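# Fold and contact review
The primary structure of each chain is shown beneath.
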4 protein chains.
Amino acid sequence: MRLLFLGDVVGRPGRQAVMERLPALRERWLLDCVVVNGENAAGGFGITEAICDEILAAGADAVTLGNHSFDQREALVFITRQTRLVRPANYPPGTPGRGAMLVEARGGARVLVVNVMGRLYMDALDDPFAAADRELDACPLGQVADAVIVDVHAEATSEKQAMGYHLDGRASLVVGTHTHVPTADARILPGGTAYLSDAGMCGDYESVLGMHRDEPVRRFLQKTPGARLEAATGEGTLCGIAVETDGRGLAVRAAPVRIGPHLQEAGPDWWE
Amino acid sequence: MRLLFLGDVVGRPGRQAVMERLPALRERWLLDCVVVNGENAAGGFGITEAICDEILAAGADAVTLGNHSFDQREALVFITRQTRLVRPANYPPGTPGRGAMLVEARGGARVLVVNVMGRLYMDALDDPFAAADRELDACPLGQVADAVIVDVHAEATSEKQAMGYHLDGRASLVVGTHTHVPTADARILPGGTAYLSDAGMCGDYESVLGMHRDEPVRRFLQKTPGARLEAATGEGTLCGIAVETDGRGLAVRAAPVRIGPHLQEAGPDWWE
Amino acid sequence: MRLLFLGDVVGRPGRQAVMERLPALRERWLLDCVVVNGENAAGGFGITEAICDEILAAGADAVTLGNHSFDQREALVFITRQTRLVRPANYPPGTPGRGAMLVEARGGARVLVVNVMGRLYMDALDDPFAAADRELDACPLGQVADAVIVDVHAEATSEKQAMGYHLDGRASLVVGTHTHVPTADARILPGGTAYLSDAGMCGDYESVLGMHRDEPVRRFLQKTPGARLEAATGEGTLCGIAVETDGRGLAVRAAPVRIGPHLQEAGPDWWE
Amino acid sequence: MRLLFLGDVVGRPGRQAVMERLPALRERWLLDCVVVNGENAAGGFGITEAICDEILAAGADAVTLGNHSFDQREALVFITRQTRLVRPANYPPGTPGRGAMLVEARGGARVLVVNVMGRLYMDALDDPFAAADRELDACPLGQVADAVIVDVHAEATSEKQAMGYHLDGRASLVVGTHTHVPTADARILPGGTAYLSDAGMCGDYESVLGMHRDEPVRRFLQKTPGARLEAATGEGTLCGIAVETDGRGLAVRAAPVRIGPHLQEAGPDWWE
Ligand SMILES: [Fe+2]
Ligand SMILES: [Fe+2]
Ligand SMILES: [Fe+2]
Ligand SMILES: [Fe+2]
Ligand SMILES: [Fe+2]
Ligand SMILES: [Fe+2]
Ligand SMILES: [Fe+2]
Ligand SMILES: [Fe+2]
């Protein structure tokens, strides 16, 4: 199968990059399943139903979230009916929505999409390793799921790498999100799981985390209140990872995807 | 000028990658100045005098540090005489060593090497932005220094990006260290400063942060004491960034460097 | 019933205060049940079997722990046979020992002793509120348990207060530990649960957290490695809270206990 | 001299407790100097000019602040003209206002009021120990200042205790604020400095940190957005510490002050 994962969509530049490029990529690369992290899609903070629909319409099979899941409060409501929207599985029991979703991909294949949130330097949540285990045990790769994509929304590289090794051989792809900067360590772990510490964001990279850079820079220099954070407005870059799996759902190829103005471009040549 | 910066050297695999490859790179790329972060060179924790000498002998003009600066206590002593060893400038006044150093590079050019440590999710230190300002004001690029290299040892991408923009136009290169994973965002900022959020480590990437992966993974699953952390023992990969500067000391070209077994290889084609 | 809870025993001064004073207090106040936090009893770090036995022999019915539970590794072993030693209930499943214990108090009364660890500014653990709920649901006050004592080992006053209100009416006593400083807010919450944000330590108060003060003070001033932390050696003060419950196991009286050289003395006059 | 320090005034209950009780206390106890922490006086968040004037009119000689200093943005402006309002001295250079103030107390005595903010589990700021040293060196006790009051706005008891010992003999009083819970460790350190880890708040104690308790408790249980935090509305309790100094400005007596409905009442009997 051919899988594409795109990192945190930030504001309008991120959405536009997805809208304009994903439909063509889906066709050109004959993608079977596309997952997009949408936690910053609404002006940098959360996601609205209209935006979620837009991302799905552009070619995503599922949208994952993170620490900004519910910044737009309407997400607390529409997530209960929008089954292709997935929030971290290790939120407390009773949190609206779901932490994993078995998506029907192109051709009827079933792709398990799991979202977990790390705990190092982040909010207090229950164990993301245990949560991932539970979700993967419920839909094992090769038995129930034809592919498994795990979005590890986390700050620390140690926690993401540990998750990669912990799930190695049980997932098609373990990919980090949240830092908004793509890492250059895409590879296939010994057990057959494709891994990338961070997918990077889909957004304007001439910025701080996709937000207009003046106010974030000022906040590091001064400890007084200032302006609101606003999404940057330059052209967005699409960032993520492309993975090809074999019959067992394990990765045979993995390549970073970076399409847009600021970063060195990258993509899966083997699909071109 | 031709500058090379290499990220955190971790244990023997990192040291061997530097020893074996740096001398040849220095010649092949006609490097003017090489800076290497050595905070994890001694088994993952700190640096000894012998190891520091080894790295300098292999072709480094200066060695930078970070939160592990003094894990090997002998560093508290030999740093006072080894002027090419630089520790974070925003350590408290009275800390042994120096936070910046004007290195004489090949051909007599003067390169200011500055090391600062971020504060987000890290130990309490004084303002790294103010510290960087002080060091750069003391040796301004184009006046006192022919090139300026700033190693921002920090966890959060936001803080590193903010430092990049804050110093944009005043440094030749602002490069992050500490996460041990190379980022894929090497570029030249609008003011002419080359930037990379993290250089990545020089070490064995089939690991968690360069350390044998079993114990770090276990620590995320269990909260009981276990084994010591040991540096991984597989082949090391060299990671960093290559920068070419113009007569003003600003960057005209920047490319990631990744040489070794686990990551997609990269380098400055324009120097080959 | 007459309950006494004593906070973190720190090193020899803490142990001596307990050994010397607890047996007499137990008799003088006709105590039905005594619980002591022992996470720092062994030189400030963890607890050994010999020390645990000593504390129990001095009159404790149960010993609770915290983030230092397993600093002495033998605790990983002897906790499995010493059923009166209780470690935080929200450690990961599989952690040796137990997070709650139904103690048989004087006269056959059953006292549920629960230990949970907060998450604000502390290690990543599973939800302590959910863990407390589970333990209290398993042995409800007034049905299975004649009294319920919950030791909330936590840093932030907000989290401890929230736990107090969350359990109000379901526990006889919710008492914080970990900061090693007694708070002056002992009272009975509206639902009948006695509450104290922190019991304080049993240890030498002419110190930083019970440890000899030079090195901790130095660590705030300098960021270089220094001496080991050692327990202070002055006379210890006993700190905690005394609670009297009614037939339903709810508190009718609560008073701080402070006996020793450095703090203003306090105790339950109504038992004298 | 007779000094009184009152902890964080939280919302209307805190202000009313100050308004109603401070004028009488000032007379009854013949107070020479009163300092009040006002960082939460405006509905729990910051302080307005009107409220600052109110607190001063009620009998405070100076008002200190903390991490909420500028939650009410007008404080950025009026702090420049209101010289009796003191914000943490270790805010970045250029922050409006001042970190220390030499107050003229009753009878013309000069009292140095210093405010510093801790760094453990708090925002990144410059070294509070160095900041306190600078302020105390500029107005030494016994030479320039007749008394010195240092408000250490900090989370961790270790940092507050370390500050106490670090300044012991150089200040009349080192008192913590920020946790909103009074500690029971008021005492005079070996060098003659009165010390209390936390003054506690002036506010409604049937609450979480002075705020209506439902929403804070909910936030520990659920990770979804909810209601705004609102100050509680029950009767407020006055909390702080009373200190009597000798001719050198060192403490000869220190007693906690707790006046109001929820906590065990306390005060300096020796002034009655
Ligand atoms: Fe994000
Ligand atoms: Fe995020
Ligand atoms: Fe490092
Ligand atoms: Fe580091
Ligand atoms: Fe403790
Ligand atoms: Fe503790
Ligand atoms: Fe406060
Ligand atoms: Fe505060």
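Computed from a predicted model, the values in this text were never measured in an experiment.

Reading guide: rules and limits
- Residues numbered from 1 in each chain as written.
- Chains lettered and ligands numbered in written order.
- Predicted model: local features only at pLDDT ≥ 70, side-chain atom pairs only at ≥ 80, totals over all residues.
- Heavy atoms only, no water.
- Phe/Tyr/Trp six-rings, centres within 6.5 Å; stacked < 30°, edge-to-face > 60°.
- Helix = DSSP H or I, 4+ residues; strand = E, 2+ residues; numbered from the N terminus.
- Buried < 20%, exposed > 50% of the residue type's maximum accessible area, 1.4 Å probe, protein only.
- Donors = N, O, S within 2.8 Å, 3.2 Å for Na, K, Ca; no water.
- Pairing = 2+ DSSP bridges.
- Contact = heavy atoms within 4.5 Å.
- Axes fitted to C-alpha atoms, helices over the stretch in contact; angles between N-to-C directions.
- Least-squares fit on C-alpha atoms with pLDDT ≥ 70 in both.
- UniProt positions renumbered as here; feature names shortened; annotations may be inferred.
- Buried area = accessible area lost by both parts, 1.4 Å probe.
- Salt bridge = Lys/Arg side-chain N within 4 Å of Asp/Glu carboxyl O.
- Polar contact = N/O pair within 3.5 Å; in protein donor to acceptor, adjacent residues only side chain to side chain.
- Nonpolar A, V, L, I, M, F, W, Y, C, P; charged D, E, K, R; others polar.
- pLDDT = per-residue confidence, 0-100.

## Re the packing of aromatic side chains
All told, the structure shown has 18 aromatic pairs over all chains when counted by the stated rule. Ring centres 5.1 Å apart and planes at 10 degrees place the aromatic pair Tyr121 of chain A and Tyr121 of chain B in the stacked group. With Tyr121 of chain A in the loop between β6 (110-117) and α4 (128-138) and Tyr121 of chain B in the loop between β6 (110-117) and α4 (128-138), this pair bridges two chains. Of the residues examined, Tyr121 of chain A reaches a relative accessible area of 37% and is grouped as partly exposed. Residues Trp270 of chain A and Trp271 of chain A carry aromatic rings whose centres are separated by 5.1 Å and whose planes lie at 85 degrees to one another, so their mutual orientation is edge-to-face. On the basis of relative accessibility, which here comes to 28%, the residue Trp270 of chain A falls in the partly exposed class. Taken together, Trp29, Trp270 and Trp271 of chain A form an aromatic cluster joined through their ring pairs.

## Examining the coordination of the iron ion (ligand 6)
All names here are of chain C. Distances from the iron ion (ligand 6) to its protein donors, Glu39 (OE), Asn67 (OD1), His153 (NE2) and His178 (ND1), fall within 2.1 to 2.2 Å. Read in sequence order, the donor residues for the iron ion (ligand 6) give the motif E-x27-N-x85-H-x24-H. Taken as an interatomic distance, the gap from the iron ion (ligand 6) to the iron ion (ligand 5) is 3.3 Å; Glu39 donates to each of them. With Asn67 in the loop between β3 (62-64) and α3 (74-78) and His153 in strand β7 (residues 147-153), the pair connects residues that are 86 residues apart, well separated along the chain. Taking relative accessible area as the criterion, Asn67 reaches 30% and is therefore assigned partly exposed.

## As for the sheet that holds strand β7 (residues 147-153) of chain B
All names here are of chain B. In spatial order, the strands read β5-β6-β7-β8-β10-β9; together these six strands make up an open sheet with mixed pairing. At either end of the open sheet lies a strand with only one pairing partner, and these are β5 (100-104) and β9 (187-188). Bridge analysis of strand β8 (residues 173-177) against strand β10 (residues 194-196) gives three bridges, and the strand direction is parallel. Its bridge partner being in β10, Val174 is matched across the sheet by Tyr195. Relative to the sheet, α4 contacts β5, β6 and β7, its axis offset from that of β6 by approximately 165 degrees. Relative to β8, helix α5 (residues 157-167) is tilted by about 165 degrees, and along the sheet it contacts β6, β7, β8, β9 and β10.

## Quick look at unusual backbone geometry
At His178 of chain B, a residue that is not glycine, the phi angle is positive and equals roughly 105 degrees. In this fold, His178 of chain B is placed in the loop between β8 and β9. Despite not being glycine, Tyr121 of chain C shows a phi value in the positive range, around 65 degrees.

## Some thoughts on the relation of the copies chain B and chain A
Superposition of chain B onto chain A requires a rotation of 180 degrees combined with a translation of 0.0 Å along the rotation axis, giving an RMSD of 0.0 Å. Both copies of the chain, as the preceding transformation shows, are related through a two-fold rotation axis. Among all residues of chain B, the minimum C-alpha distance to the rotation axis is found for Thr183 of chain B, at 1.9 Å. Of the interface residues in chain B, 100% have counterparts in chain A that sit at the interface too, so the contact is made through matching surfaces.

## Topic: the coordination of the iron ion (ligand 2)
Residue and element names in this part refer to chain A. For the iron ion (ligand 2), the full set of protein donor atoms is Glu39 (OE), Asn67 (OD1), His153 (NE2) and His178 (ND1), and the range of their distances to it is 2.1 to 2.2 Å. Along the chain, the residues donating to the iron ion (ligand 2) fall in the pattern E-x27-N-x85-H-x24-H. Here the iron ion (ligand 1) and the iron ion (ligand 2) are spaced 3.3 Å from one another, each receiving a donor from Glu39. You can see Glu39 sitting in the loop between β2 (33-37) and α2 (49-57) and its partner His153 sitting in strand β7 (residues 147-153), a full 114 residues away along the chain. The exposure classification of Glu39 matches that of His153, with both residues buried.

## Describing the UniProt feature "active site" (unreviewed entry) in chain A
All names here are of chain A. Per the UniProt record, the feature "active site" (unreviewed entry) sits at His68. Secondary-structure assignment places His68 in the loop between β3 (62-64) and α3 (74-78). In this structure, His68 is in contact with Glu39, Asn40, Phe45 and Gly46, ignoring residues within four places of it in sequence.

## A look at the interface of chain C and chain B
Listed as interface residues are 16 residues of chain C and, on the opposing side, 15 residues of chain B. Taking both partners together, chain C and chain B bury about 1,100 Å²; carbon and sulfur atoms supply 66% of that area. The tally of links between chain C and chain B comes to zero salt bridges. Counting across the chain C and chain B interface gives two residue pairs in polar contact (both at pLDDT 80 or more). Along the lines of polarity and charge, the residues of the side of chain C that touches chain B split into ten nonpolar, four polar and two charged.

## Here we look at the sheet that holds strand β12 (residues 251-259) of chain C
Residues and elements named next belong to chain C. Overall, mixed pairing links the six strands, which are arranged β4-β3-β2-β1-β11-β12 in an open sheet. Both edges of this open sheet fall to β4 (85-86) and β12, since each of them pairs with a single strand only. The sheet contact formed by β3 and β4 spans two bridges and is parallel. The partner of Val63 across the bridge, within β4, is Leu85. Sheet strands touched by helix α1 (residues 11-28): β1 (2-6), β2 (33-37), β11 (238-245) and β12. Its angle to β11, the strand with the most contacts, is close to 20 degrees. The strands touched by helix α2 (residues 49-57) within the sheet are β2, β3 and β4, with β3 carrying the most contacts at an inclination of about 130 degrees.

## Describing the confidence of the model for chain A
Averaged over all residues, the pLDDT of chain A is 98; the fraction at 70 or higher stands at 100%. ipTM for the predicted complex: 0.97, alongside a pTM of 0.98.

## Describing the environment of Gln143 of chain B
Mapped onto the fold, Gln143 of chain B is located in the loop between α4 and β7. Residues Gln143 of chain B and Gly176 of chain B, spaced 33 residues apart in sequence, show a C-alpha to C-alpha distance of 25 Å.

## Concerning the environment of Leu85 of chain C
Residues and elements named next belong to chain C. By the secondary structure assignment, Leu85 is in strand β4. Here Leu85 falls in the buried class, since its relative accessible area comes to 0%. It is 9.2 Å that separates the C-alpha atoms of Leu85 and Asp61, two residues lying 24 residues apart in sequence. With sequence-adjacent residues up to four places away left out, Leu85 is seen in contact with Cys52, Val63, Leu65, Phe78, Ile79 and Arg98.

## So, the UniProt feature "binding site: Fe cation 1" (unreviewed entry) in chain A
Residue and element names in this part refer to chain A. The UniProt entry lists Asp8, Glu39, Asn40 and His180 under the feature "binding site: Fe cation 1" (unreviewed entry), expressed in the numbering used here. Spanning 173 residues, the named residues nonetheless gather at one spot, since no C-alpha pair among them exceeds 11.2 Å. A relative accessible area of 1% places Glu39 in the buried class. Position of His180 among the secondary structure elements: in the loop between β8 (173-177) and β9 (187-188). Since its relative accessible area comes to 6%, His180 is described here as buried. Here His180 is in contact with Asp8, Val10, Glu39, Asn40, Asp198, Gly200, Met201, Tyr205 and Leu209, once residues within four sequence places are set aside. Side chain to side chain, His180 and Asp8 meet in a polar contact 3.2 Å long.

## Some details on the pattern of salt bridges
For the coordinates displayed, the defined rule picks out 60 salt bridges over all chains. A salt bridge links Arg81 of chain B to Glu49 of chain B; its shortest N-O distance comes to 2.6 Å. Of this pair, Arg81 of chain B sits in the loop between α3 (74-78) and β4 (85-86) while Glu49 of chain B sits in helix α2 (residues 49-57), and the two are 32 residues apart along the sequence. Using a relative accessible area of 23% as the deciding quantity, one classes Glu49 of chain B as partly exposed. Residue Arg106 of chain D pairs with Asp32 of chain D through a salt bridge whose shortest N-O separation is 3.1 Å. With Arg106 of chain D in the loop between β5 (100-104) and β6 (110-117) and Asp32 of chain D in the loop between α1 (11-28) and β2 (33-37), this pair connects stretches of sequence that are 74 residues apart.

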